[in-house]
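Spelled out from the first residue to the last, the chains are:
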Amino acid sequence: KDKTIIHKIHGDGGDGHEVIPFIKPVKAVGNIEDWLTTILNTMRLTLKYHARSCAAGVFEARSDPSNKLRPLVDSNIAQFALLAIQIMWTYETQTALEQCKTNANA
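Residues numbered from 1 in each chain as written. Predicted model: local features only at pLDDT ≥ 70, side-chain atom pairs only at ≥ 80, totals over all residues. Heavy atoms only, no water.

Asker: How do you make sense of the overall build of the protein chain when you look at a structure like this?
Answerer: On a plain count of helices and strands, the protein chain comes out with 3 helices and 2 strands. When the helices and strands of the protein chain are listed from N to C terminus, the series reads β-β-α-α-α. In terms of overall dimensions, the protein chain is more spread out than a globule: its C-alpha atoms have a radius of gyration of 19 Å, far above the 13 Å expected for 106 residues. Counting all 106 residues of the protein chain, 18% fall into the buried class. In the protein chain, 37% of the contacts between residues at least 6 apart in sequence involve partners at least 24 apart. Accessible surface for the protein chain amounts to roughly 8100 Å². Of this, 58% is attributable to carbon and sulfur atoms. (Helix = DSSP H or I, 4+ residues; strand = E, 2+ residues; numbered from the N terminus. Rg over C-alpha atoms; globule rule 2.2 N^0.38 Å. Buried < 20%, exposed > 50% of the residue type's maximum accessible area, 1.4 Å probe, protein only. Contact = heavy atoms within 4.5 Å. Areas by Shrake-Rupley, 256 points an atom, 1.4 Å probe, with all protein chains shown as cover.)

Okay, here's the thing in structure tokens:
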């Protein structure tokens, strides 16, 4: 196993331990500033990918009433599960406020 190739982010805090695999591995060789910059950019791309995937999961959960929130939360790490819940809450709140604007009985 090549120890110069970084495949994932390890999160360690509190009682939990989460691992986020990079969308592509990073080779830690050469000038340290270069590969640390590459790790930073890869980490950003990975988190962006997970955020988009989470938002897509929210859309699927909203479009299928039989689909519950639990599978969406269980399939994501904690921070992105929380993001999914916040996106759903924002959508539902915005929808309710728009309905109150147009329908006095809502």
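Asker: What should I look at first to understand helix H1 (residues 32–63) in this one?
Answerer: Because each turn of an α-helix spans 3.6 residues, side chains separated by three or four positions end up pointing in the same direction. Helix length check: H1 (32 residues) gives 46 Å between terminal C-alpha atoms against 46 Å at 1.5 Å per residue, within 8%. Among all positions in H1, only Trp35, Ile39, Thr42, Thr46, Cys54, Gly57, Val58 and Ala61 are buried. (Expected span 1.5 Å × (residues − 1).)

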